[in-house]
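Chain residues, written in single-letter form:
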Amino acid sequence: MGLYSRDYYREIDPNPWGFGGAPVVKWVVIVNVVVFVLQIFVTRPPTLTPDDLKARIEAKDAPPTPEEAVQLFRGLQRTSVVQEWLELDVPKVVYQGQVWRLLTHAFCHDRMWVLHILFNMILLYWFGRTVEIMYGSREFLLFYLAAALAAALAYVALDLYTGSPLPAVGASGAVMGVMMVYTVHFPREEIFYCWFFPMQMRWWMALWCVYDLHPVLLALSGDRLHSGVGHAAHLGGLAFGFLVPALAGYIS
């Protein structure tokens, strides 16, 4: 990724594969992994059988909406009790005051898709260590939690606007904030996209912005989309990651 060519990084962390100088990143990764394992094992039996699902679909005059399809699919699976406690469930946040979900959603992931947590933690490991060394552990922790909160608020706002309250999990919004801060400081840093194609950080993040902005604009225009990705949360994290260094005077 080109991280280790920088003098300050070599001086602080002589082991480029360790967490030296970045204890917060290490503990965030550990907490996410522990919660992921708990999500797998602390479960309840499914609430629906295949026959129940067939009967519900046949009873409707129209095909299920994306939201209904997701809920029906979840009913066929074992329910993760831990995820029920932590996920960003918009009605429970707004109407039942369960505001802790605005942060806790960023510490659990889709237990059925291991790549979800794997990619998030790899990106946090690659970019978060440098940002933590630059900003300090205390400031980095506050930034990371605030980025998760900003991502959650963006997700809640879009869900309230569209009336599509699907629960969300994942550290993606906070990780996007970390990546954006890194990009602000090192916009011309080259990475290898898909391990083969060299690309500067500024263009890579620009592509992320376009990728996440397009479905959000479609949702705002009235299209009912469910890609399984929290695009609004990504944009919230990206915006927060850009604004923090801008307000701190790193961007003129």
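What you see is a predicted model; the values in this text were computed from it and never measured.

Definitions and limits used
- Residues numbered from 1 in each chain as written.
- Predicted model: local features only at pLDDT ≥ 70, side-chain atom pairs only at ≥ 80, totals over all residues.
- Heavy atoms only, no water.
- Patch = residues over 30% accessible without salt bridge, like charges linked within 9 Å, V, L, I, M, F, W, Y side chains within 5 Å.
- Areas by Shrake-Rupley, 256 points an atom, 1.4 Å probe, with all protein chains shown as cover.
- Salt bridge = Lys/Arg side-chain N within 4 Å of Asp/Glu carboxyl O.
- Helix = DSSP H or I, 4+ residues; strand = E, 2+ residues; numbered from the N terminus.
- Phe/Tyr/Trp six-rings, centres within 6.5 Å; stacked < 30°, edge-to-face > 60°.
- Buried < 20%, exposed > 50% of the residue type's maximum accessible area, 1.4 Å probe, protein only.
- Lys NZ or Arg CZ within 6 Å of the ring centre and 35° of its normal.
- Axes fitted to C-alpha atoms, helices over the stretch in contact; angles between N-to-C directions.
- Parallel < 35°, antiparallel > 145°, perpendicular 65-115°, else oblique.
- Contact = heavy atoms within 4.5 Å.
- Nonpolar A, V, L, I, M, F, W, Y, C, P; charged D, E, K, R; others polar.
- Expected span 1.5 Å × (residues − 1).
- Bend = angle between axes of the 7 residues up to and from the residue.
- pLDDT = per-residue confidence, 0-100.
- Polar contact = N/O pair within 3.5 Å; in protein donor to acceptor, adjacent residues only side chain to side chain.

Talk me through a nonpolar patch on the surface; I want residue IDs and the actual numbers.
Together, W27, I30, V33, V34, V37, L38, I40, F41 and V42 line one region of the surface with nonpolar side chains, adding up to about 790 Å² of accessible area. Structurally, V34 is set in helix 2 (residues 23-41).

Lay out the packing of aromatic side chains in plain terms, naming residues and giving numbers.
All told, the structure shown has eight aromatic pairs when counted by the stated rule. Taking 6.4 Å as the distance between ring centres and 65° as the angle between the ring planes, the aromatic pair formed by W204 and W208 counts as edge-to-face. Within this pair, W204 and its partner W208 are both found in helix 11 (residues 201-221), separated by four residues, close to a single helical turn. Owing to a relative accessible area of 22%, W208 belongs among the partly exposed residues under this scheme. Among the aromatic residues, those joined into a ring-pair cluster are F127, Y182, F186, W204, W208 and Y211. Here the guanidinium or amino end of R129 rests over the ring plane of Y125, the centre of that ring lying 3.8 Å away.

Describe the packing of helix 2 against helix 8 (residues 114-135), and please don't skip the residues or the numbers.
Two elements in contact, helix 2 and helix 8, have axes separated by 9 Å at closest approach and are oriented at 170°. Our classification of the angle between helix 2 and helix 8 gives roughly antiparallel. On the side of helix 2, the interface is formed by P23, V24, V25, V28, V29, N32, V33 and F36, while helix 8 contributes V114, I117, M121, L124, Y125, G128, R129 and E132. Of the residues belonging to the contact of helix 2 with helix 8, the class tally is twelve nonpolar, two polar and two charged.

Account for helix 8, with residues named and values stated.
Here helix 8 spans 30 Å end to end across 22 residues, near enough to the 32 Å set by a 1.5 Å rise per residue. The sharpest bend along helix 8 measures roughly 40° and falls at G128. One or two residues past the end of helix 8 sits G136, with phi positive at roughly 95°.

So what's going on with the pattern of salt bridges? Residues and values would help.
A full pass over the atoms with the stated rule returns one salt bridge. R44 is the partner of E84 in a salt bridge, and the nearest nitrogen-oxygen pair spans 3.0 Å. One end of the pair, E84, is in helix 5 (residues 81-86); the other, R44, is in strand 1 (residues 43-44), and 40 residues separate them in sequence. Using a relative accessible area of 24% as the deciding quantity, one classes E84 as partly exposed. Judged by its relative accessible area of 37%, R44 is partly exposed.

I'd like a description of the confidence of the model for the protein, backed by residues and values.
Looking at the protein as a whole, the pLDDT averages 86, with 81% of positions reaching at least 70. Here helix 1 (residues 7-12) is the element of the protein with the lowest mean pLDDT, 42, and helix 7 (residues 101-104) is the one with the highest, 98. This model gives residues 1-12 a pLDDT under 50, and the stretch forms 31 contacts once residues within four places in sequence are excluded.

For the side chain of T183, give the residues involved together with the corresponding values.
One can find T183 in helix 10 (residues 172-185). In terms of polar contacts, T183 uses its side chain to reach the backbone carbonyl oxygen of M179, at 2.8 Å. Ignoring sequence-local partners within four residues, the contact set of T183 consists of M201, R202 and M205.

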